[in-house]
Amino acid sequence: MNNLTLGKKIAMGFGILILISVALGGMGSWQMKTAQMGSEILSEEYVPEMAVSSQIRGAANRLMYQMRGYSYSEQEQYYEMAKNEIDALEASIEDARALSESAVHLDKLNGQIKVIADGEHSYKLLVEQTHDAVLGLADIRVDLDSNAATYMKEANAFLESQSVAFDKDLAEGKTPDQMKERFAKVCIINEIIGLGNDARIKAFRSQALQDPAIMEEAQKNFPIVNAKVAEIRRITHSPANLAQLDAIQKGGSGYSQSMGQFLTSWNELQGLNKQRTIVGSEMIAGCKELQEAAEVETVRISSESSSNLATASLTTIVGLIIALVVGVLLAIFMIRSITGPINKVIAGMQAGSEQVASASGQVSESSIQLAEGSSEQASSLEETAASLEMMAAGAKESAQNSKQANSRSQEVKSNAEKGQAAMTGLNTAMEKIKASSDETAKIIKTIDEIAFQTNLLALNAAVEAARAGDAGKGFAVVAEEVRNLAQRSAEAAKGTADLIAESNQNSALGVEATGDVAAILEEVVSGIVEVSTLIGEVSSTAEEQSRSVTEVNTAVGQMDSVTQANAAGAEESASAAEEMSAQAAEMQTLVMNLMQIVGGANAEGSSATAGSSPVGGQGGSVAKKSKPFANTYGSGKTAGGQKAADEVIPLDEDSLIEM
Amino acid sequence: MSQEEKTVETALVGNKDSDRAGKYLTFQLDNTQFGIQILRVVELLTMMEITTVPMWPSFAKGTINLRGRVIPVVDLRQKFGLSATETTEQTCTIVVELEGDQVGIEVEAVNEVQEVSEDNISDPPRIGGTVDSDFILGMGKADDNTIILLNLEKILVGGDMEALQEVVGELAQPV
């Protein structure tokens, strides 16, 4: 990171931000687009589908309602309204068909429309059939009424005639049997009238309650009527009355027949009603299915859209937070990476200029000291030269002395070598002594052996002498003497042997001592050789020394002249140091300007004091000497403050990248 | 048997306890001086080559050939139960004659022939009943020394020595 140029750092920061915004925008717009597409499908397809299917459902419901009303009330106005509803239903189905043709996603609609249209078609047919059935029922009802009217009229007429005849019979004073007969007739006809009335009441009740069973029960009255009519016919004699009875019977059977017809038609109508209900329910179920499908799709799409929108908003929020954090971090990083190095440069430059100022002061001081020192040096150098000459003389003398010592040591060396040779001679002589004493020892041993043998011989002789008894006495004395001699010579030999052993030991000691002396002499010789070489070295060193002293002498002369030159140079460097301090002051002003640029107006106050103090001591010289610096810089506009600073630090892009 | 030898024989027979005085050849074993009657001595010899004889007891060193005569040599040190020493230039063999047989006695050194009078001879000291001092004739005194005077018959006659002499006789026969 630190190796990147400033330009690259800035470009990288903005690049990251741009990338984040592009990613955010892209993601947000993609999710919005998805949500929009879902809503469009919703508004253009599923919502209309729902609307159409609810229209169809409403129309179908209303149609069924009207038809049910029609079938119960049999009023034409319901039928007319049902027809209107059929038209509305057809119009709605047409709408749905158009929608299914235009829509892309409504797969179910097409199939359902067909089902609904088929339903509608069959329903329409059922409506017509119902209409016909209702009309037929009305006709049958007319027949029913007319037959009932005939029945009742004839029965009442018979009752009237009987009541008239009863009055006449009373007046005529007929027999009680006749009167009884008349009374039976009246009673029976009254029953017939009652049965008719009961049948009529049941017929009305059945219609009113929509219960065919009551009407079927009413039909059972007519066989009773026929039986009653047959009973009354036996006691009836008047032809007019017999005709009336026929009429009653005819009316009753007609009435019963009409009732049967009515019941048949009625049952038909009930079947139609059921069929209608089934077909209508199928239609409504189809609509319901459509609605449910549309509802499900709507819910799905809307939940998808809402989740998409939620994701989009979440993404946007998260992205914004990331962008904010990244932006803040990048801003901090960039500000640091720009101001940090510049501040460092400023601090470095400031410290550098301060150091230069103080260093130039020190330089001028020390060059003055140098000048003084070099004049002192010159005087001491002259003294040095004088003592060096004395040293040269001394060195020569010591060289001569060492030469003499060398020749002396050579003499000593030859003497020591002679001593060494003499020691070798001595050594051989000692060895010879030792050898001859060894020889002597051998001889002595032989003598000792001889003495032993002699002793033994003497003893043998003594033994012989003893054996000889008295004759050997003189011989024994001789033997004793011989033995004494032998013993003495043995003792002498032993003493000599001791002496020789001692001398042998002494000569060995002598040989040893000679060896020691020879070794010491050898050491002496080697020591002398060493001394001689050392003296030779000393002599050559002394000569070298005297030559070196001469060289040193000439060098001192050269040093003298150099010291003179140094004194002059020191003065020159003092003036140069003053110039340097002036330039340092100039540099500090420039640094201050740079600090203003980087740190704003606040930095000015602190840096101004820091910048001015180290140069303050030499302010006069700085002011005087500032011009040459300006000339070397080449602009000549240093007095311009901010303007000058801009020139010093051009803040265009190229230079920033270079930084 | 010469005349001379016969006189020696008689001298030996008459040599009883009362007749201990006379000349003795003294020799040395472990700084102790021993003496043997000079009439028993045949000859003094420097060390000669000894032929060792197998199966002999350890004190019998072997035989030497003395001018064609084979005689057994006894190491008196071993016979006396002293530790053996190296033979030196001083080592000698004393040839003695006992009951007609010659026997060599090896000693450390021969000293001299000394006359010991009866006055200077005392009986061997008696230490206890068990200690055998029969082989000592007496303790001779000469100058400042004491000489143990040996009874060679007690030492070298009977037992082992008989057997040795027999063997030596068998060895000498073919010669």
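Quick caveat: nothing in here was measured; it's all calculated off a predicted structure. (Residues numbered from 1 in each chain as written. Chains lettered and ligands numbered in written order. Predicted model: local features only at pLDDT ≥ 70, side-chain atom pairs only at ≥ 80, totals over all residues. Heavy atoms only, no water.)

On to the overall build of chain A. If you tally the helices and strands in chain A, you get twelve helices and zero strands. For chain A, the sequential pattern of α-helices and β-strands runs α-α-α-α-α-α-α-α-α-α-α-α. Looking at chain A residue by residue over its 659 residues, the buried ones come to 34%. Here the contacts in chain A between residues at least 6 apart in sequence split such that 84% fall between residues at least 24 apart. Carbon and sulfur atoms provide 59% of the accessible area of chain A, an area that totals close to 37800 Å². (Helix = DSSP H or I, 4+ residues; strand = E, 2+ residues; numbered from the N terminus. Buried < 20%, exposed > 50% of the residue type's maximum accessible area, 1.4 Å probe, protein only. Contact = heavy atoms within 4.5 Å. Areas by Shrake-Rupley, 256 points an atom, 1.4 Å probe, with all protein chains shown as cover.)

The helix and strand inventory of chain B stands at four helices and eleven strands. For chain B, with 175 residues in total, the buried portion stands at 44%. A fraction of 55% describes how many contacts in chain B between residues 6 or more apart in sequence connect residues 24 or more apart. Entry remark: accessible area of chain B is about 9300 Å², with carbon and sulfur atoms responsible for 48%.

Moving on, we come to the pattern of salt bridges. Taken as a whole and judged by the stated rule, the model has 25 salt bridges over all chains. Between A:Lys442 and A:Glu439 there is a salt bridge, and its shortest N-O distance comes to 3.9 Å. Here A:Lys442 and its partner A:Glu439 are both found in helix α7 (residues 239-467), three residues apart, which amounts to about one turn of the helix. Note that B:Arg40 and B:Glu153 form a salt bridge whose closest N and O atoms lie 2.2 Å from each other. Placement of B:Arg40 in the loop between β2 (32-37) and β3 (41-46) and of B:Glu153 in helix α3 (residues 152-156) is noted, with a sequence separation of 113 residues between them. Taking the relative accessible area as the measure of exposure, B:Arg40 reaches 5% and is therefore buried. Connected through shared salt-bridge partners, A:Asp169, A:Glu172, A:Lys174 and A:Arg182 make up one network. (Salt bridge = Lys/Arg side-chain N within 4 Å of Asp/Glu carboxyl O.)

Before going further, it helps to examine the sheet that holds strand β1 (residues 22-29) of chain B. Within the open sheet, the six strands sit side by side as β8-β1-β2-β11-β10-β9 (chain B). Their pairing is mixed. Edge positions in the sheet fall to β8 (109-116) and β9 (121-122) of chain B, since each has one partner strand and no second. Sheet strands touched by α7(A): β1 and β8 of chain B. Its angle to β8(B), the strand with the most contacts, is close to 35 degrees. (Pairing = 2+ DSSP bridges. Axes fitted to C-alpha atoms, helices over the stretch in contact; angles between N-to-C directions.)

This brings us to the interface of chain A and chain B. Often the size quoted for an interface is simply the accessible area lost on bringing the parts together. Of the residues lining the interface, 15 residues belong to chain A; the matching set on chain B comes to 19 residues. Interface area, chain A with chain B, both sides summed: about 1500 Å², of which 57% is carbon and sulfur. In this structure, A:Lys445 engages B:Glu89 in a salt bridge whose closest nitrogen and oxygen atoms are separated by 3.0 Å. Across the chain A-chain B interface, the total number found is five residue pairs in polar contact (both at pLDDT 80 or more). Secondary-structure elements contributing two or more residues to the side of chain A that touches chain B are α7 and α8 (473-599) of chain A. Residues that form the side of chain A that touches chain B fall into these classes: seven nonpolar, three polar and five charged. (Buried area = accessible area lost by both parts, 1.4 Å probe. Polar contact = N/O pair within 3.5 Å; in protein donor to acceptor, adjacent residues only side chain to side chain. Nonpolar A, V, L, I, M, F, W, Y, C, P; charged D, E, K, R; others polar.)

Residues and elements named next belong to chain B. Of all six residues that make up β2, five are buried, and the element is covered over most of its length. When β1 meets β2, the two strands line up antiparallel, connected through six bridges. Paired with Gln-28 across the strands is Gln-33, a residue of β2. In textbook terms, the turn of a hairpin is the stretch between consecutive antiparallel strands, and for β1 and β2 this stretch comprises two residues, one of which, Asp-30, has a positive phi near 50 degrees. Where β2 and strand β11 (residues 145-150) come together, three bridges link them in parallel fashion.

The next thing to look at is the packing of helix α5 (residues 212-219) of chain A against helix α6 (residues 221-235) of chain A. All names here are of chain A. At a minimum axis distance of 4 Å, the contact between α5 and α6 shows a crossing angle of 15 degrees. By the criterion of interaxial angle, the relationship of α5 to α6 is roughly parallel. Together, Glu-217, Ala-218 and Gln-219 of α5 and Asn-221, Phe-222 and Pro-223 of α6 make up the contact between the two elements. For the contact of α5 with α6, the per-class residue count stands at three nonpolar, two polar and one charged. (Parallel < 35°, antiparallel > 145°, perpendicular 65-115°, else oblique.)

Let us now look at the nonpolar core. One finds A:Ile56, A:Leu89, A:Tyr123, A:Tyr255 and A:Met259 to be the most contacted residues of the largest nonpolar core, which totals 52 residues. Mapped onto this core, the elements with two or more residues apiece are α1 (6-73), α2 (76-102), α3 (107-172), α4 (176-209), α5 and α7 of chain A. Broken down by element, the residue count for this core peaks at 14 residues, all from α7(A). Once you skip the residues sitting within four places of it in the chain, A:Met259 turns out to touch A:Leu144, A:Ala199, A:Ala203, A:Met215, A:Ala218, A:Gln219 and A:Phe222. One finds B:Leu25, B:Leu44, B:Met139 and B:Val168 within the second-largest nonpolar core, a separate group that totals 40 residues. (Core = buried A, V, L, I, M, F, W, Y, C linked by side-chain atoms within 4.5 Å.)

Let's shift gears to the packing of aromatic side chains. Considering all chains together, one arrives at six aromatic pairs over all chains under this definition. Ring geometry for A:Phe222 and A:Tyr255: centres 5.4 Å apart, planes at 85 degrees, overall edge-to-face. Taken together, the residues span a long stretch of sequence, with A:Phe222 in helix α6 and A:Tyr255 in helix α7 at a distance of 33 residues. For A:Tyr255, a relative accessible area of 3% puts it in the buried group. Ring centres 5.4 Å apart and planes at 50 degrees place the aromatic pair B:Phe34 and B:Phe80 in the tilted group. A residue pair is termed long-range when its members are at least 10 positions apart, and B:Phe34 in strand β2 and B:Phe80 in the loop between α2 (76-79) and β6 (92-98) qualify at 46 residues. (Phe/Tyr/Trp six-rings, centres within 6.5 Å; stacked < 30°, edge-to-face > 60°.)

What follows deals with the sheet that holds β3(B). Residue and element names in this part refer to chain B. Reading across from one edge, β3-β6-β7-β5-β4 is the order of the five strands in this open sheet, with mixed pairing throughout. At either end of the open sheet lies a strand with only one pairing partner, and these are β3 and β4 (60-66). On average, each strand axis in the sheet is tilted by 30 degrees relative to the strand beside it, whichever way the strands run. Sheet topology places β6 next to strand β7 (residues 101-107); seven bridges connect them, and they run antiparallel.

Okay, α2(A) next. The end-to-end C-alpha distance of α2(A) is 40 Å, a good match for the 39 Å that 27 residues give at a rise of 1.5 Å each. In this structure, the buried residues of α2(A) make contact with α1, α3 and α7 of chain A. (Expected span 1.5 Å × (residues − 1).)

This paragraph deals with a nonpolar patch on the surface. Taken together, the side chains of A:Ile317, A:Ile321, A:Leu324, A:Val325, A:Val328, A:Leu329 and A:Ile332 define a hydrophobic patch exposed on the protein surface, amounting to about 640 Å² of accessible area. The residue A:Val325 is located in helix α7 in this model. (Patch = residues over 30% accessible without salt bridge, like charges linked within 9 Å, V, L, I, M, F, W, Y side chains within 5 Å.)

Turning next to the confidence of the model for chain B. Residues and elements named next belong to chain B. When the pLDDT values of chain B are averaged, the result is 79; 79% of them are 70 or greater. Of all the helices and strands in chain B, helix α1 (residues 3-13) carries the lowest mean pLDDT, 45, while β2 carries the highest, 90. Across residues 1-17, confidence stays below pLDDT 50; counting only partners more than four residues off in sequence or on other chains, it has nine contacts. Across the predicted assembly, pTM comes out at 0.39 and ipTM at 0.78. (pLDDT = per-residue confidence, 0-100.)

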